[in-house]
Amino acid sequence: MVRTAESLGRSLSALAERESAFARVLDKHGPPKPRASEPGVETLLRTIVGQQVSVAAARSMWNKLSARFGQPVDLQKLLDASDEEMR
């Protein structure tokens, strides 16, 4: 799993060894900085939402979800919510 600059570097090197176009991009632009997220269910939920829709739509959905279920999200309330509440 990529969690540190070191593990990111190893992963990027492995990709560059397999794909010359990727290696050229790394040579030209350098490696990206690792992104860190807090561990836990809230990060998981944000990741799922963010992968499904645009960033602006994800932000809007997250704001509605956290307004309804709290910040941090109350998982029991989320699990107990009806389909209508989730809509």
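What comes next concerns the included structure. (Residues numbered from 1 in each chain as written. Predicted model: local features only at pLDDT ≥ 70, side-chain atom pairs only at ≥ 80, totals over all residues. Heavy atoms only, no water.)

**A look at helix α1 (residues 5-18)**
Then comes step 1: The terminal C-alpha atoms of α1, which comprises 14 residues, lie 20 Å apart, in line with the 20 Å expected from a rise of 1.5 Å per residue.
Then comes step 2: Residues of α1 that are buried: S7, L8, L12 and A16.
Then comes step 3: In this fold, the buried residues of α1 make contact with α2 (20-29). (Helix = DSSP H or I, 4+ residues; strand = E, 2+ residues; numbered from the N terminus. Expected span 1.5 Å × (residues − 1). Buried < 20%, exposed > 50% of the residue type's maximum accessible area, 1.4 Å probe, protein only. Contact = heavy atoms within 4.5 Å.)

**What about the pattern of salt bridges?**
Then comes step 1: Following the criterion strictly, the structure yields three salt bridges and no others.
Then comes step 2: Where R10 meets E6, a salt bridge forms, and the shortest distance between an N and an O atom there is 2.8 Å. Placement of both R10 and E6 in helix α1 is noted, with a separation of four residues, approximately one turn of the helix. (Salt bridge = Lys/Arg side-chain N within 4 Å of Asp/Glu carboxyl O.)

**Section: the side chain of S66**
Then comes step 1: Of note, S66 is situated in helix α4 (residues 55-69).
Then comes step 2: Taking relative accessible area as the criterion, S66 reaches 15% and is therefore assigned buried.

**Overview of unusual backbone geometry**
Only a minority of non-glycine residues have a phi that is not negative, and only a minority of peptide bonds are not trans.
Then comes step 1: Each neighbour pair has its own omega, and for Q71 with P72 the value is 5°, a cis peptide bond.
Then comes step 2: With respect to the element layout, P72 can be found in the loop between α4 and α5 (75-80).

**Quick notes on helix α3 (residues 41-52)**
Then comes step 1: Taking 1.5 Å per residue, 12 residues should reach 16 Å; α3 reaches 17 Å between its end C-alpha atoms and fits that length.
Then comes step 2: Those residues of α3 lying buried are E42, L45 and V49. Down the axis of α3, the buried side of the element spans an arc of 65°, and every buried residue falls inside it.
Then comes step 3: Looking at the packing, one finds that the buried side of α3 touches α4 and α5. (Arc of directions from axis to C-beta.)

**A closer look at the environment of P32**
Then comes step 1: By the element assignment, P32 lies in the loop between α2 and α3.
Then comes step 2: Judged by its relative accessible area of 48%, P32 falls in the partly exposed class.
Then comes step 3: Expressed as a C-alpha distance, the spacing of P32 and S20, which sit 12 residues apart in the sequence, is 17 Å.
Then comes step 4: With residues near it in sequence (within four places) discarded, P32 still touches L8 and L12.

**Here's the deal with the nonpolar core**
Then comes step 1: Membership of the largest hydrophobic core is limited to seven residues, which are L45, W62, L65, F69, V73, L78 and A81.
Then comes step 2: Among the elements that take part in this core, α4 stands out by supplying three residues, more than any other.
Then comes step 3: Excluding anything up to four places from it in sequence, F69 contacts D74, K77, L78, A81 and M86. (Core = buried A, V, L, I, M, F, W, Y, C linked by side-chain atoms within 4.5 Å.)

Bear in mind that shape data such as this cannot, by itself, settle questions of function.
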